[in-house]
Amino acid sequence: MASATAGLGTDTAQDLLFDRSFRTRWRLGFDKVIGWVLPLLFLVAIIPILDLVYYIASQALPTLTWTVLTSTNPYDPDALGVPILSTAAIMLFATSLAVLLGLFGGVATAEFLPERAAGWVRMTANMLVGTPSVVLGYFGYFLLVITFGWGLSFVAGSVTLAFFMTPYVFRIADLAYSSIPRPIREAAYGSGARPYQYVLRVAAPIAFPQILNGVFLALAIGVGETAPIVLTTTQSVIFPPTIYSPVTFLTGTIWENFSQPAGSPSLALAFQAALILLVVVVALNILVRVISARYQKRLEGLYQ
Amino acid sequence: MKRRSGGMSVGVAVAIAIVLLIVGIAGGYFLGKSTTSSTNNNTINLTETGSSLLYPLFKNYWFPNYTASNVVLSAASTGSGTGQSSAELGLVNIGASDGYLTNASTTNLINFPVAISAQLIYYNLPAPLNGVHLNLNGSILAEIYSGVITTWDNPEILAAQPASVASELSAMSAQTIYPVKRSDSSGDTFLFTSLCYMSLASFPYPVSTSGLTGFSGANVLTGNGNSGMVSTAKGQVGSIAYIGISYEASAAAAGLQYAAVGNNATLANGTYAATASDYILPTTATVSNDANLGLTRLDFATYGLAVSLILGGSYAGATTLVHGGGGTNAAAGVLAYPIVNLEYALIKTVPGGTVVTAAALAATVAFMHWALSYGNYNSAGASSAWIDGVNFVPLTPEVIGYDNVELASVSGIS
Amino acid sequence: MSAATTPHRHRSAGTVAGRIVPFVPALIPAALLLGIVVELLISSKLTNFGLDFWGSNWNPPDHWGIAIFVTGSLLTALPALFFAMAIGLGIAIASTTYLPGWITRFLDPFVDLLAGIPSIVYGIWGYLLVAPFFGTVINPALYNHLGFIPGFGGVAPRADGLGLPVGIFILTLMALPITTLLIRDALRSVPRDLWEAGLGLGATRWETMRHVAIPYGSRGILSAAFLGFGRAFGETVAIAMVLNVVATYPINVYGSTATMASEMFLLLDSAFGNSQYLAALSEMALVLLVISLAVNIIGRRLVARIVTYEVAGL
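Parameters at a glance
Residues numbered from 1 in each chain as written. Chains lettered and ligands numbered in written order. Predicted model: local features only at pLDDT ≥ 70, side-chain atom pairs only at ≥ 80, totals over all residues. Helix = DSSP H or I, 4+ residues; strand = E, 2+ residues; numbered from the N terminus. Buried ≥ 20, exposed ≤ 12 C-beta atoms within 10 Å, placed from the backbone. Contact = placed C-beta atoms within 7 Å. Nonpolar A, V, L, I, M, F, W, Y, C, P; charged D, E, K, R; others polar. Pairing = 2+ DSSP bridges. Domains from an automatic or database assignment. pLDDT = per-residue confidence, 0-100. Core = buried A, V, L, I, M, F, W, Y, C linked by C-beta atoms within 7 Å. Axes fitted to C-alpha atoms, helices over the stretch in contact; angles between N-to-C directions. Parallel < 35°, antiparallel > 145°, perpendicular 65-115°, else oblique.

1. Notes on the overall build of chain C
Then, in step 1: If you tally the helices and strands in chain C, you get twelve helices and two strands.
Then, in step 2: Secondary structure of chain C in N-to-C order comes out as α-α-β-β-α-α-α-α-α-α-α-α-α-α.
Then, in step 3: Dimensions of chain C along its principal axes, counting C-alpha atoms only, are 70 × 60 × 35 Å.
Then, in step 4: Across the 314 residues of chain C, 56% fall into the buried class.
Then, in step 5: Counted over contacts in chain C with a minimum sequence separation of 6, partners at least 24 positions apart contribute 76%.

Shown next, in the form of structure tokens:
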């Protein structure tokens, strides 16, 4: 908006500058001061985040050895190898399920539902996105752990997490397919394409980056969730051999160890898990931004 | 018009990235399965959850050193209440609890003691008080934790101290007491409320793992787990907290000091003599003495191994706590630290469900045999280094005998 | 859905299955939501706790009054919302009006990044670093200098700093990216000619912002408030770690209390075997769910279009 004032504003400002009345000088002065004060508010956001990253890194790095990071020895109580691998496995499972449900649902909503019904479905998805994760944790506990009898296990945790991630993927798939430019759509159907052909061969390549974005976003959100996991799993020192085995998630490691005494290796473990989470989440967020920036350019390119 | 397929290049590049990502994750998955299953797919993973008092013993000492083939054990610190209910529901193999479960048999559980532990009363006071052990007893503690006593210079507290300590306390001019309680459902709370209940007839709260839920006020602080108690007490001058003995090292590092806890013989007079022998410091000897006194109340036939060792010699009945009826705690000349308990592992007697399978149950029993022998005693017949590491006391031979009887009753185990 | 991309809905010819099957996956969100509600109703066994449920006496196993938790959630979320809106408004104005483009392109992602940080990482940072700072520096300063204001005096704040102030601080940081993003979007959607008209009439940038842009974007700003509130209201783990959750009303502004989400999270373990306890917690979960849904619906209706912000996960 600064550029918007460049052309027209200058003249007006010039006129104002020659108006020496107190009121005008006050108005201009206030505007100028505010222009310096408000940007300082950025610091309110930036300083805490830098402090947080610095603190986590400084507590985690001193004792972070390659052994700690990769040891899968079940007799070593302070190692991250098993939690990291377990987390990767959970995320693979949960993301696959979430993409399955969300992608199909989103495409169906965008393509096959009449407008009013689509509005209701979208509202439902929006409501789910805003649901506190602890409610979903309760759902997972009551339904999966108790009623289905899966116990505190890998599958209970992964499926609960998948339920948590599905609405995000759903909305992005929906948006991706809904924003395919109309000319392309009409050209496809006008050429006699069947719906599945349109969905798979025409729209998918165009929507793909945005959907990929959604997958990474869901991953970033899912990997940091604590409540659904803590309520549906219990600790394990080994990688889960079956899907009904207990499993350790990285956030579960933090939750278990954060109140340990200062200086103990267990507390350092919590910090190290937090550092890994931070790195993964920040990397995913950057990836998401990069992809959406390039996707924008691509979409514009389609109209040349 | 721009070729639509020109847009594919970004998609292709990113597709390659995602394929690599998936390959990486899947590779990690299978790598994980293969490395941690040196341990093959027959590995039995026994899950334990519950008491934060037992957690250090399990997690740092016993589990990493139990090297039976094909069995690993995983510990979690969630509080005795969770240990009890998870064991009841069959969600874990071992439920760790500081307090026994009454009516354990209705859910096919047995109260299986694995060690003898003690609970300490820590306080955070400035020098020179952090260098001396204050004298406290059950009725003073009960009054603190029901809001009757609110400052450190209360006459009852002062009367129990030697003169020099009493004057230090008064010099603090009405320093507020901040009682710290557990926010999770805790066996330590069970033990502490047992002590209070037996010491003071007017103690208003029930004896349970969440007995102090109703105790609230401006000065009441909370801690999550024993480690949370340590950090909460550390953060507030004037606080007092009940903390398990396995956290002694971290409490000391936090600058907290523990009290000498008296028996209720002093209560009879209405005044509290400051005789040294009436206020007892927790040592291996005094803890053992109290355990021995308390174990005389053991009634295996009726209650199994559920027995309260609080105020060891002072009342009859294994699990009947007499409200305010604490009598003398010691046989003549025997110093017995009053807040002592058996640490229980709750295990099922019959297999059922996906977690407590027959194989898992057999492995659990095997582990328990190990715990009773190697876990508690070293080869020289003294307490094992692991028990010492958490300041516990090994089980008495009598209890071990009963434990073996109980293990024999687990179905399918010879 | 704007008119530009309203599709011509293709109706598949052929079998009934061919007509029905494509619709089915679209029902997934509805099925999930319905499943959650039904499951919570089942586990609550539709126990009617009566008016006591809405009272202040929470004392298992006898009394199940959840008023403390509802109040606690409001006491943490509303101040956090206030701060997040104020700061977010300032940042958004600065970003759209006062700062050159190259700076905003650099700084805006920073704020958005705040949204991506897992709440347990906020929690461990808050519990071990920020809370002691509050306890040793900020709370005593407030107590000593502002003690005359009712609520800021009274019982001295605890030295480890856990309590409302640090809880509100952490929640503000969590709600901030949402409010900033939505307000920024609302301000950017102001048509250029409206802006320039304002400036052309001799208004300063601030005045144009205040009298033209903000009223124009007021719906978006209101939406930011609702969605930011929803975020703060439902926060579980970070609050459980820094608030010193205890089921009482706070004594003063430094005190501790409990929120619905954190209490639900911490207490489920204790309730396992006790069906009445589980019922009470399930009903509290339903209350939380209903409030979150309501706040979300209202917040999104205000913006009247699908808003997907990839980074904030809105």
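Following the structure, the description resumes.
2. Looking at the interface of chain A and chain C
By a widespread convention, an interface's size corresponds to the accessible area lost as its parts come together.
Then, in step 1: Chain A puts 89 residues into the contact, and the matching count from chain C is 82 residues.
Then, in step 2: Along the lines of polarity and charge, the residues of the side of chain A that touches chain C split into 62 nonpolar, 20 polar and seven charged.

3. Here's the deal with the environment of Leu169(B)
Residues and elements named next belong to chain B.
Then, in step 1: When you line up the elements, Leu169 lands in helix H6 (residues 163-171).
Then, in step 2: When the C-alpha positions of Leu169 and Thr151 are compared, they lie 9.6 Å apart, and in sequence the two are 18 residues distant.
Then, in step 3: When neighbours within four sequence positions are excluded, Leu169 is seen to be in contact with Trp152, Asp153, Ile157, Leu158 and Gln161.

4. Here's the deal with the pairing of strand S1 (residues 44-50) of chain B
All names here are of chain B.
Then, in step 1: Burial runs high along S1: seven of the seven residues are buried.
Then, in step 2: Side chains Ile44, Leu46, Glu48 and Gly50 project from S1 onto one buried face, and the interleaved Asn45, Thr47 and Thr49 project onto a second face that is buried too.
Then, in step 3: When S1 meets strand S2 (residues 71-74), the two strands line up parallel, connected through four bridges. Paired with Thr47 across the bridge in S2 is Ser74.
Then, in step 4: Note: S1 against strand S3 (residues 94-97), three bridges, orientation parallel. Paired with Gly50 across the strands is Ala96, a residue of S3.

5. A few points about the domain arrangement of chain C
Residue and element names in this part refer to chain C.
Then, in step 1: Under the domain assignment, chain C is made up of domain 1 (1-44) and domain 2 (50-302).
Then, in step 2: Spacing between the C-alpha centres of domain 1 and domain 2 amounts to 33 Å.
Then, in step 3: The interface is formed by four residues belonging to domain 1 together with seven residues belonging to domain 2.

6. A word on the confidence of the model for chain C
All names here are of chain C.
Then, in step 1: Taken residue by residue, chain C gives an average pLDDT of 84. The fraction at 70 or more is 90%.
Then, in step 2: Counting contacts from residues 1-6, a segment whose pLDDT is below 50, to residues more than four positions away or on other chains yields six contacts.
Then, in step 3: Two summary scores accompany this predicted model of the complex, namely pTM at 0.86 and ipTM at 0.86.

7. Regarding the confidence of the model for chain A
Should pLDDT be low for a region, the predicted coordinates there are not to be read in detail.
Residues and elements named next belong to chain A.
Then, in step 1: Looking at chain A, pLDDT values average 85 and 91% of them are 70 or higher.
Then, in step 2: When the elements of chain A are averaged for pLDDT, helix H1 (residues 4-18) gives the smallest value, 52, and helix H11 (residues 227-232) the largest, 93.
Then, in step 3: The model gives residues 1-11 a pLDDT under 50, and that stretch makes 15 contacts with residues more than four places away or in other chains.

8. Overview of the sheet that holds strand S10 (residues 260-262) of chain B
Residue and element names in this part refer to chain B.
Then, in step 1: With mixed pairing, three strands are arranged side by side in an open sheet as S5-S10-S11. Two strands bound the open sheet, and with one partner strand each, they are strand S5 (135-137) and strand S11 (279-280).
Then, in step 2: Where S5 and S10 come together, three bridges link them in parallel fashion. Residue pairing in the sheet places Asn137 in a bridge with Gly262 of S10.

9. A closer look at the nonpolar core
Side chains of nonpolar character tend, in soluble globular proteins, to be buried together.
Then, in step 1: If you look at the biggest cluster of nonpolar residues, it comprises 328 residues, and the most contacted ones within it are Val169(A), Ala274(A), Ile124(C) and Met264(C).
Then, in step 2: When residues of this core are sorted by domain, at least three fall in each of domain 1 (1-44) and domain 2 (50-302) of chain C.
Then, in step 3: Not counting residues within four places of it along the chain, the set of residues in contact with Ile124(C) comprises Ile254(A), Phe258(A), Ala270(A), Ala274(A) and Met241(C).

10. What about the environment of Ala363(B)?
Residues and elements named next belong to chain B.
Then, in step 1: Among the structural elements, Ala363 can be located in helix H12 (residues 358-375).
Then, in step 2: Looking at Ala363, the number of C-beta atoms within 10 Å reads 20, which means it is buried.
Then, in step 3: In sequence terms Ala363 and Val237 are 126 residues apart; their C-alpha atoms lie 47 Å from each other.
Then, in step 4: Contacts of Ala363, omitting those with residues within four sequence positions, involve Ile44, Leu46 and Val71.

11. Overview of the packing of helix H3 (residues 42-60) of chain A against helix H5 (residues 119-146) of chain C
Then, in step 1: Where H3(A) contacts H5(C), the two axes come as close as 10 Å, and the packing angle between them is 80°. Classified by the angle their axes make, H3(A) and H5(C) are roughly perpendicular. On the side of H3(A), the interface is formed by Leu52(A), Tyr55(A) and Ile56(A), while H5(C) contributes Val121(C), Trp125(C) and Leu129(C).
Then, in step 2: Residue composition of the contact of H3(A) with H5(C), grouped by class: six nonpolar, no polar and no charged.

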